[in-house]
Amino acid sequence: MTFPLVSVEEVWFRYDDGPPALRGVSLEIRRGEWVAILGCNGSGKSTLVKHFNGLLKPWRGRVLVEGVDTRRRQVGEWARLIAYLPQHPDRIIFSASVREEVAFAPRLQGVSGVELERRVDTALEALGLQDSAELPPAALGHGLRRKVALAAVLAQEPALLILDEPTNGLDAGSARDFLEVVAQRHRQGTAVVLITHDLELAAQYAGRAVLMQAGEVVADGPTRTVLGEAALLRKAGLESLPVTETAHALREAGLAGMRTDLLLPEEFAEAYLAAAGGGRDGR
Amino acid sequence: MMLDLYIRRDAWYHRLDPRTKFGLTVLFAAAAALIGHPLWMFALLALLHILPLSSRVPPARLLSAWRPLWPITVIILVLGSFTWGAGDAAVWWRWGQVSVGPASVLQAVTMALRVDALAFAFSLLLWTTEQGELVAGLTRLGLPHAASLTLAMSMQFVPTFGRIFSEIMEAQESRGLVIPRNPLRAARAYLPVLIPLIITALRTVDHLAMALAARGYGAAGRRTSRRQLRMRWMDGLALAGGAALLMAVLLSRGL
Ligand SMILES: Nc1ncnc2c1ncn2[C@@H]1O[C@H](COP(=O)(O)OP(=O)(O)OP(=O)(O)O)[C@@H](O)[C@H]1O
Ligand SMILES: [Mg+2]
């Protein structure tokens, strides 16, 4: 029998002096998936993903990684399976050179020699950092430090890559470049969990979306379906994509056949033409 | 400020003048230093729990103050219970020059509770006093404004850095860092945690300096203050209570 990569079973969690931050969350992360975790500030997204590699331990319920309870191992022992990129690159960077920084995690896994070189070079290349390899990462600009941090977790070559709001504060173009690097890894089989507020990015990259509200999962399914639930999104404090809003508006205005599970403008155009009945050559 | 210890409440201890609260903190600290009997020390510690609770500081905050405190307490208890050179009249256990007896245990308990009481005396001040009030109070007590501001800000940064420390710890553990149990090896293993913490601290200081300069801090001219401090009858009462407590302690010592 093969286990899901991560399986979260009825997990409750509370920080020491607070109300429950997770209230009975259950979900599975399977190999090779790309899951977006959506929700407003304080809905429990970070708290949830920190359970995936045992950074936090459930107060009730349990979390299994490949069938093993996270309570049974130290966090460091999951590093070859699961990598976690914190929102802030400065939480990671400590080495004297970019190359050393990227080599840190694989070394801890016991990787050395040619294999270590390969991992480091691959990660540096993916982010275009070859020319900065010998520079001290802490002295680089913010954008480059983010890239170093991503390279450092890519070199772990994990089965699951967790990204906590990696594109916050990046302009749309840089955000896309950043996620393209992740997408390249995803195509090679790495599962990705992406926490984001940006529904457009979720629509573009994630096959599945999990919507959180006040510590609970209120929707979990294909991104298309979840993002089509305008009412649920609104209740969870998020704004639907413009295409979804417009599709709902058209339906309410009487266009009964209009689909609402749309992600991209092109899909919208097609659905609209189909629903309006005319097709391309109209009237 | 990002995240501080202050707990906003409209309650009696919060409403005291900051100078009164400084005075009380000093009185409590003096009492903690002078008390020599564990029962008295216990009573003082109890009082330092009742005061914040009566001013609506949530019990959970008191609990979280105990989290770093209890290991220290245990260490002092254990180490303090051994006396070197065996001065004890009655002795429970002896091994060469080292012995444990009722007198040394009582002393260890007093010492451990003293550290706890001091921690709570300062926590009470920080839980109930806003940063701006701290600065205003210290300045009115004669400290140069820059010094008060520095002091107040560094006190408020303690929890912020605590949070950043645990975020760094999480990041590095996720990369495979395991802190070994052997303390000598553990010290080295902490480097990937301490270096980012120092870098972050340096960056923060840099940003703070810029932020203060941008708000005109350090510009020539007389500083004006928005905050008017005023002593009320409650302040007099509280100070009198604190002074009475210290008197009682002194009397009990037969001074
Ligand atoms: N270290 C902590 N100590 C105490 N409470 C915390 C801590 N971290 C988070 N919380 C609380 O837990 C709840 C969930 O927080 P969490 O960080 O998981 O939310 P989030 O969905 O990641 O939000 P954001 O979008 O702001 O990152 C919030 O109410 C938050 O205040
Ligand atoms: Mg978060």
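**Q** Explanation requested: the site of ligand 1 in the structure shown.
**A** Residues and elements named next belong to chain A. Inspection of the region around ligand 1 gives Tyr15, Ala21, Cys40, Asn41, Gly42, Ser43, Gly44, Lys45, Ser46, Thr47, Glu165 and His197 as its neighbouring residues. Here an oxygen atom of ligand 1 sits 2.9 Å away from a polar atom, N or O, in the side chain of Asn41. Its free accessible area being 630 Å², ligand 1 has 59% of it covered by the protein chains. Of all the elements, helix H1 (residues 45-49) adds the most residues to the shell around ligand 1, at three residues. Residue composition of the shell around ligand 1, grouped by class: three nonpolar, seven polar and two charged.

**Q** Mind showing me how you'd approach the side chain of Glu170 of chain B here?
**A** Considering the arrangement of structural elements, one finds Glu170 of chain B in helix H7 (residues 145-174). Setting aside residues no more than four positions away along its own chain, Glu170 of chain B makes contact with Lys50 and Leu55 of chain A.

**Q** What exactly am I supposed to notice about the domain arrangement of chain A here?
**A** It is common to report an interface's size as the accessible area lost on association of the parts. Residues and elements named next belong to chain A. By the assigned domains, chain A splits into domain 1 (6-226) and domain 2 (241-283). Between domain 1 and domain 2, the C-alpha centre-to-centre distance is 35 Å. Each side of the interface is counted separately: domain 1 has five residues, and domain 2 has six residues. Taking both sides of the interface into account, the surface hidden between domain 1 and domain 2 amounts to around 550 Å²; carbon and sulfur atoms contribute 65%. The largest share of the area that domain 1 buries against domain 2 comes from Leu199, Ala203 and Arg224, three residues that together contribute 80% of it. For the pair domain 1 and domain 2, the number of links is one salt bridge. For the interface between domain 1 and domain 2, the tally reads two residue pairs in polar contact (both at pLDDT 80 or more).

**Q** Please clarify how the packing of aromatic side chains should be interpreted in this entry.
**A** To describe a pair of aromatic rings, you give the distance between the ring centres and the angle between the ring planes. One pass over the structure, following the stated rule, counts seven aromatic pairs over all chains. Between Trp34 of chain A and Tyr205 of chain A, the aromatic rings sit 5.4 Å apart at their centres with planes inclined by 20 degrees, giving stacked as the arrangement. Taken together, the residues span a long stretch of sequence, with Trp34 of chain A in strand E3 (residues 34-38) and Tyr205 of chain A in helix H6 (residues 199-205) at a distance of 171 residues. Between Trp66 of chain B and Phe120 of chain B, the aromatic rings sit 5.6 Å apart at their centres with planes inclined by 45 degrees, giving tilted as the arrangement. With Trp66 of chain B in helix H4 (residues 59-81) and Phe120 of chain B in helix H5 (residues 102-128), the pair connects residues that are 54 residues apart, well separated along the chain. The exposure class assigned to Phe120 of chain B is buried, which follows from its relative accessible area of 1%. If you follow Arg60 of chain A out to its NZ or CZ, it ends over the ring of Trp12 of chain A, 5.2 Å from the centre. Sitting over the ring of Trp59 of chain A, Arg60 of chain A keeps its end group 5.1 Å from the ring centre.

**Q** I'm lost on the pattern of salt bridges in this one. Help?
**A** Here the structure, examined in full by the defined rule, presents 24 salt bridges over all chains. We note a salt bridge from Glu134 of chain A to Arg99 of chain A, for which the minimum N-O separation is 3.4 Å. With a gap of 35 residues between them, Glu134 of chain A in the loop between helix H3 (113-126) and helix H4 (142-154) and Arg99 of chain A in helix H2 (residues 98-108) connect regions that are remote in the sequence. A relative accessible area of 24% places Arg99 of chain A in the partly exposed class. Here Glu101 of chain A makes a salt bridge to Arg175 of chain B, at a shortest N to O gap of 3.0 Å. A residue pair is termed interchain when its members come from two chains, as with Glu101 of chain A in helix H2 and Arg175 of chain B in the loop between H7 and helix H8 (183-189). Comparing Glu101 of chain A with Arg175 of chain B shows no difference in burial state: the two are buried. Shared partners join several salt bridges into a network, and the residues in it are Glu28, Arg30, Glu33, Arg208 and Asp220 of chain A.

Thresholds applied
- Residues numbered from 1 in each chain as written.
- Chains lettered and ligands numbered in written order.
- Predicted model: local features only at pLDDT ≥ 70, side-chain atom pairs only at ≥ 80, totals over all residues.
- Heavy atoms only, no water.
- Near = heavy atom within 4 Å.
- Polar contact = N/O pair within 3.5 Å; in protein donor to acceptor, adjacent residues only side chain to side chain.
- Areas by Shrake-Rupley, 256 points an atom, 1.4 Å probe, with all protein chains shown as cover.
- Helix = DSSP H or I, 4+ residues; strand = E, 2+ residues; numbered from the N terminus.
- Nonpolar A, V, L, I, M, F, W, Y, C, P; charged D, E, K, R; others polar.
- Contact = heavy atoms within 4.5 Å.
- Domains from an automatic or database assignment.
- Buried area = accessible area lost by both parts, 1.4 Å probe.
- Salt bridge = Lys/Arg side-chain N within 4 Å of Asp/Glu carboxyl O.
- Phe/Tyr/Trp six-rings, centres within 6.5 Å; stacked < 30°, edge-to-face > 60°.
- Buried < 20%, exposed > 50% of the residue type's maximum accessible area, 1.4 Å probe, protein only.
- Lys NZ or Arg CZ within 6 Å of the ring centre and 35° of its normal.

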